[in-house]
Amino acid sequence: MQKPHEKQNYSARVEPDAVQLRVPAECAGLRLDQALARLLPEHSRSRLAQWVRDERVILDGAAAIPRVKLRGGESLEVRPAADPAALSHLPQDIPLSIIFEDESLIVIDKPPGLVVHPGSGNWDGTLLNALLQHEPRLAGVPRAGIVHRLDKDTSGLLVVAKTLTAQTELVRQLQARTVKREYAAIAHGHVARDGKVDAPIGRHPVSRTRMAVAARGKPAVTHYHVVQRYAHATLLQCNLETGRTHQIRVHLASIAHPLLGDPVYGKRSIRPELAFHRQALHAQKLGLVHPASREPMSWQAPIPEDLRELMRALASVAITERH
C-alpha cells in the first residue's frame, strides 16, 4: 500500500553562535551544572543539562563530563542547540496539493502523515510551514490562516484563509455549523443501517492525550450513511455537524465500529485485510460560503490510493468468501 507522507528535515536549522567563557574564580568548587546556571541564566537548567549530555559543552578542549567540579580559570565553549519551537513558523519547501486558490482562500488536499499545526514533537515539517513558503503574506494572519484541522493521519480537504477578514468569516461559519464536511470512513464490522451519534466529547478522564464520549464534554453530532458492506468492514459516509477533536474516530468507536487502522481508538485484528497503516478516514467533500463573493462553493478530493487499495483488498475477501 502507498505509504503516508513522511516528515523530512525541511528546515535550514541554523544554530545560534557558540558562547566562549572563562570560568570565574567565584565559580571554583561548583559543579559544572551549577556554574552553567550562573553563567547562562537565560537558559533553563534542563536545557543546559541536555547540552552537556549532547556534548555541546566543551571544557578545556574536551566534551564536558556532567557534574564535574570546577577549579576556576577553565575555558568553556557552549554550543547552543536551536530551540525547536523557533522552527515552528519558518517557511519550508513542502509540496502542497492545492485544489483551489484565490485572493481569499486556499483549499488543500492534505496527504496522510502531514501534521497541520506545529506542536510538541512536531515543531516543523507541518502544513503551516508549507503555507508560509507558498504564500509569505500568511505570516500576517494568525496560525497562517488555518481555521480547522485534520488529524496527522487523516487525508483530505482543508480550507485556509489568506486574509484576516476571510479568517474571521470562516471561523464564524464553523461556529454556526454551516461549513459542510463529508468524510469517507472504513469501519470495523457490519454496520447494519444509517444512523447518527449525538454524544458529547471531552478529554479522556485517565489518558489525557485521548478524547472520549463524556457527559461534561462539548456537544458533538456525527451522521453516518452505509455506502458499501464488506465481509468484515463497512464503508461509511460521515457528515459532521460539529468539529470536535477526533470526533468521527471517537463516535464510531463508541458504537463498537472503530475505524480500521486507528492506533488510538481502533482494535487489533488477526485478519490481514483489516490491517492498515493509518486510520481509514478521508475528508472527501467540503462546502462553504465564499467569504468575499458570498457564493456557495464546494470541492471534492478523490479517495487516495492507499484507501483504494484497502477497499480492493476488502472486496476481494468478500468475493472469495462468497465462493
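Please refer to the structure placed before this passage.
All of these numbers come straight from a predicted model, not from anything done at the bench. (Residues numbered from 1 in each chain as written. Predicted model: local features only at pLDDT ≥ 70, side-chain atom pairs only at ≥ 80, totals over all residues. Heavy atoms only, no water.)

Draft legend 1. Region of interest: the overall build of the chain. For the chain, the helix and strand inventory stands at 6 helices and 15 strands. Expected size for 323 residues packed as a compact globule is a radius of gyration near 20 Å; at 25 Å, the chain overshoots this value by more than 25%. On the principal axes, the C-alpha backbone points of the chain span a range of 80 × 50 × 40 Å. Counting only residues that meet the buried cut, the chain has 45% of its 323 residues in that class. Excluding contacts between residues fewer than 6 apart, the proportion of contacts in the chain whose partners are at least 24 apart in sequence is 65%. A total accessible area of about 16,600 Å² is found for the chain, and carbon and sulfur atoms account for 50% of it. Treating the 43 positive side-chain charges of the chain as one cloud and the 33 negative ones as another, the clouds have centres 8 Å apart. (Helix = DSSP H or I, 4+ residues; strand = E, 2+ residues; numbered from the N terminus. Rg over C-alpha atoms; globule rule 2.2 N^0.38 Å. Buried < 20%, exposed > 50% of the residue type's maximum accessible area, 1.4 Å probe, protein only. Contact = heavy atoms within 4.5 Å. Areas by Shrake-Rupley, 256 points an atom, 1.4 Å probe, with all protein chains shown as cover. Lys, Arg positive; Asp, Glu negative; His and termini not counted. Charge placed at Lys NZ, Arg CZ, Asp CG, Glu CD.)

Draft legend 2. Quick look at the packing of aromatic side chains. Using the criterion set out here, one finds 1 aromatic pair in the structure. Note on Phe 100 and Trp 299: the rings are 5.4 Å apart at their centroids and 45° apart in plane angle, and the pair reads as tilted. Note that Phe 100 is positioned in strand β5 (residues 98–101) and Trp 299 in strand β15 (residues 296–300), a separation of 199 residues in sequence. (Phe/Tyr/Trp six-rings, centres within 6.5 Å; stacked < 30°, edge-to-face > 60°.)

Draft legend 3. Region of the structure containing helix α1 (residues 32–39). Where α1 is concerned, the buried positions are Leu 32, Ala 35, Leu 36 and Ala 37. Where α1 is buried, its residues meet α2 (45–53), β2 (57–59) and β4 (75–78).

Draft legend 4. How the structure looks around the layout of surface pockets. Space inside the largest pocket adds up to approximately 1,200 Å³. When contributions to the lining of the largest pocket are tallied by element, the ones reaching two or more residues are α4 (164–175), β8 (180–188), β10 (201–203) and α5 (247–254). Tallied by class, residues from the lining of the largest pocket come to 15 nonpolar, 13 polar and 11 charged. (1 Å grid on protein atoms, 1.4 Å probe; cavity = no way out; pocket = protein on both sides within 12 Å on 5 of 7 lines; lining within 4 Å. Points joined across faces, edges and corners; volume = space filled by probe spheres on them. Nonpolar A, V, L, I, M, F, W, Y, C, P; charged D, E, K, R; others polar.)

Draft legend 5. Representation of the environment of Ala 18 in the model. Position of Ala 18 relative to the elements: it lies in the segment before β1 (19–22). Along the sequence, Ala 18 and Arg 137 sit 119 residues apart, while their C-alpha atoms lie 33 Å from each other. Apart from the residues within four sequence positions on either side, Ala 18 is in contact with Glu 77, Val 78, Arg 79 and Pro 80.

Draft legend 6. Spatial organisation of the packing of α1 against α2. Interaxial distance between α1 and α2 falls to 10 Å at its minimum, and their mutual angle equals 125°. As judged from the angle between their axes, α1 and α2 are oblique. Once α1 is placed against α2, the crossing between them reads as right-handed. Seen from α1, the contacting residues are Leu 32, Asp 33, Gln 34, Leu 36 and Ala 37; seen from α2, they are Arg 45, Leu 48 and Val 52. Looking at side-chain class alone, the contact of α1 with α2 contains 5 nonpolar, 1 polar and 2 charged residues. (Axes fitted to C-alpha atoms, helices over the stretch in contact; angles between N-to-C directions. Parallel < 35°, antiparallel > 145°, perpendicular 65-115°, else oblique. Left-handed = near helix turned anticlockwise from the far one by under 90°.)

Draft legend 7. Geometry of the environment of Ala 63. Among the structural elements, Ala 63 can be located in strand β3 (residues 62–63). On the basis of relative accessibility, which here comes to 38%, the residue Ala 63 falls in the partly exposed class. Taking C-alpha positions, Ala 63 is 36 Å from Val 115, a pair spaced 52 residues apart along the chain. What Ala 63 contacts, discounting residues up to four positions off in sequence, is Glu 55, Val 57 and Ile 58.

Draft legend 8. A look at unusual backbone geometry. In this model, Ala 144 sits at a positive phi of 55°, which is unusual for a non-glycine residue. Tracing the backbone through its elements, the reader meets Ala 144 in the loop between α3 (127–134) and β7 (155–161). Non-glycine residue Ala 256 carries a positive phi angle of around 70°. Mapped onto the elements of the fold, Ala 256 is located in the loop between α5 and β14 (281–289). For Ala 256, a relative accessible area of 52% corresponds to the exposed category.

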